[in-house]
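What follows is the residue order along each chain.
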Amino acid sequence: MLNMPLSISQLKRDLHWIANSPVILDITNLPEGYWLTRPLPKKIKLVVSNYDLKQVTERLTVRKSHLLGIYYEVLWHYLLAEKLGYKLRATNLQVKSDKGTLGEFDLIYQTKNSNQFFHRELAVKYYLGLPCEPKLEQTPWSYWVGPGLRDRLDLKANKLVNKQGRLSQSTAGHELLKQQHLLPVTAEILLQGYLFYPFGSYCPPPQHANINHLMGYWLTPQQLTEFIEYKQLSASFIVLAKHEWLSAFNSSTNIIQHRLLSSAALSQYATQHFTNSPYPYPLLIASGTSHNEIWQENVRFFLVSDNWLVKARSSRR
């Protein structure tokens, strides 16, 4: 079984999040409908039950992966098929040639009462902006780096536009869709997630950033006290597990009491993590408050190691 203890409340939040949260970039110079500026045409109301939790958990077990991207994909498949009644005609359909795998179609679906096929590429990403010179009004995409230093916004956006989004236009991709009777198809690209700004440094939004993009901050443990005071945060923090990265976290205070940390406890936790872990991955932290016995996230931020910025800058070369 997957180490992903989902609850009804989290599943409901996450389904609402993927259906309604803003995209990271707003690119208007691509063909209409190609780069999506919102996940769905309009907001939807969802009723989530124990049956939904069971079905999503079973689908995750079949995928045999703990990756956040797989969870995100499974939620989209379930939302479109089970909650909106769309027809999923193919998921994770690989395109192969004599030279190997060229790529895969994340999702091909039909809306209700339509013969039109849609190929949707799905991506949920978290990028940390690098400090830059004050003369810049926008940062190049290459200034936005994944927390694990293996990804950048420019690389991902270019891959989505020039490779994954155009897979149906390739000879092998078109032939496969023809064999599967999935033509004609309209490509869609959906890039959701968060942008995290460096605390205490200048870093404007990236080029073509959606004005409503979700955001947070990143800092080192040495900056934590200053950050808490500057943002006037309450001394109540929780280290988010990877599967909790989508929607803003909330839960019964009684249930998560053992996970809540004071600022001092968080500082100690971070110090031990970055000192003792062989590969100290950045920590995503939620700061929140309790009201009527419900703890609600207000701000989220990454804590990174002291040398993270040096490594991030090196990754751009």
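Numbers given for residues are sequential positions, taken from 1 along each chain in its written order. Since the coordinates come from a predicted model, pLDDT governs what is reported: local features require at least 70, and pairs of side-chain atoms require 80 or more to be given and counted, while whole-chain, interface and lining totals use all residues. Hydrogens and water molecules were not included; the side-chain quantities draw on all heavy atoms of the structure.

### Some words on the packing of helix α1 (residues 8-20) against helix α3 (residues 68-83)
Which entries qualify depends on this criterion: Only the contacting stretch of a helix is used when fitting its axis, a line to C-alpha atoms as for every element, and angles between N-to-C directions run 0 to 180 degrees. Going along the chain from the N terminus, every DSSP run of H or I of four or more residues is numbered as a helix, and every run of E of two or more is numbered as a strand. We call two directions roughly parallel when the angle between them is under 35 degrees, roughly antiparallel when it is over 145, roughly perpendicular when it lies between 65 and 115, and oblique otherwise. Residue contacts are defined here by distance: any two heavy atoms, one from each residue, within 4.5 Å place the two residues in contact. Ten residues, namely Ala, Val, Leu, Ile, Met, Phe, Trp, Tyr, Cys and Pro, are considered nonpolar, four, namely Asp, Glu, Lys and Arg, are considered charged, and the remaining ones, Gly among them, are considered polar.
For the pair α1 and α3, the least separation of the axes is 10 Å and the interaxial angle reads 80°. Accordingly, the angle class assigned to the pair α1 and α3 is roughly perpendicular. Judged by residue contacts, Gln10, Leu11, Asp14, Leu15, Trp17, Ile18 and Ala19 of α1 engage Tyr71, Tyr72, Leu75, Trp76 and Leu79 from α3. Broken down by class, the residue content of the contact of α1 with α3 amounts to 10 nonpolar, one polar and one charged.

### Some thoughts on the nonpolar core
In plain terms, the rule: The criterion is simple. A nonpolar core is a set of buried Ala, Val, Leu, Ile, Met, Phe, Trp, Tyr and Cys residues joined through side-chain atoms within 4.5 Å. Under the scheme applied here, a residue whose accessible area is under 20% of the maximum for its type counts as buried, over 50% as exposed, and between as partly exposed, the area being computed with a 1.4 Å probe on protein chains only.
Ranked by internal contacts, the top residues of the largest apolar core, which has 75 residues, are Leu79 and Leu246. Per-element tally for this core: the top contributor is α3, with 10 residues. Once you skip the residues sitting within four places of it in the chain, leucine 246 turns out to touch Asp14, Trp17, Ile18, Leu68, Tyr71, Tyr72, Leu75, Val124, Tyr126, Tyr194 and Arg300. Grouped together as the second largest cluster of nonpolar side chains are 18 residues, Leu233, Ala270, Ile285 and Phe301 included.

### As for the pattern of salt bridges
For the record, the criterion: By definition, a salt bridge exists where a carboxyl oxygen of Asp or Glu is found within 4 Å of a side-chain nitrogen of Lys or Arg.
Throughout the structure, instances matching the rule amount to nine salt bridges. Between aspartate 52 and lysine 83 there is a salt bridge, with its nearest N and O atoms 3.4 Å apart. Of the two residues, aspartate 52 sits in helix α2 (residues 50-63) while lysine 83 sits in helix α3, which places them 31 residues apart along the sequence. You can call aspartate 52 buried: its relative accessible area is 4%. With a closest N to O distance of 3.1 Å, lysine 125 and aspartate 151 form a salt bridge. Of this pair, lysine 125 sits in strand β3 (residues 117-129) while aspartate 151 sits in the loop between β4 (144-145) and α4 (153-164), placing them 26 residues apart in sequence. Classification of lysine 125 by relative accessible area gives partly exposed; the value is 22%.

### Considerations on α4
Three- or four-residue spacings in an α-helix give side chains the same orientation, since the helix completes a turn every 3.6 residues. Turning to α4, its buried residues are Leu153, Asp154, Lys156, Ala157, Leu160, Val161 and Gln164. Contacts made by the buried residues of α4 are with β3, β4 and β5 (185-198).

### Notes on the packing of aromatic side chains
In this description, an aromatic ring pair is defined by two values, namely the gap between the centres and the angle between the planes. Put simply, the rule is: Pairing of aromatic side chains here covers Phe, Tyr and the six-membered ring of Trp, requires ring centres within 6.5 Å, and sorts the geometry by plane angle: under 30 degrees stacked, over 60 edge-to-face, intermediate tilted. Definition used: whenever NZ (Lys) or CZ (Arg) falls within 6 Å of the ring centre and also within 35 degrees of the ring normal, the charge is taken to sit over that ring.
All told, the structure shown has 16 aromatic pairs when counted by the stated rule. Ring geometry for phenylalanine 199 and phenylalanine 227: centres 5.1 Å apart, planes at 80°, overall edge-to-face. Of this pair, phenylalanine 199 sits in the loop between β5 and β6 (214-219) while phenylalanine 227 is found in helix α6 (residues 224-231), placing the two residues 28 residues apart along the sequence. Judged on exposure class, the residue phenylalanine 199 and its partner phenylalanine 227 are both buried. The interplanar angle of 80° and the centroid separation of 5.4 Å between the aromatic rings of tryptophan 245 and phenylalanine 302 together place this pair among those described as edge-to-face. Of this pair, tryptophan 245 sits in the loop between β7 (237-239) and β8 (250-252) while phenylalanine 302 sits in strand β10 (residues 294-303), and the two are 57 residues apart along the sequence. Here phenylalanine 302 falls in the buried class, since its relative accessible area comes to 0%. The rings of Trp17, Tyr126, Tyr194, Phe196, Trp245 and Phe302 are connected pair by pair, giving a single aromatic cluster. Its guanidinium or amino end placed over the ring of tryptophan 76, arginine 120 lies 5.0 Å from that ring's centre, counting from NZ or CZ.

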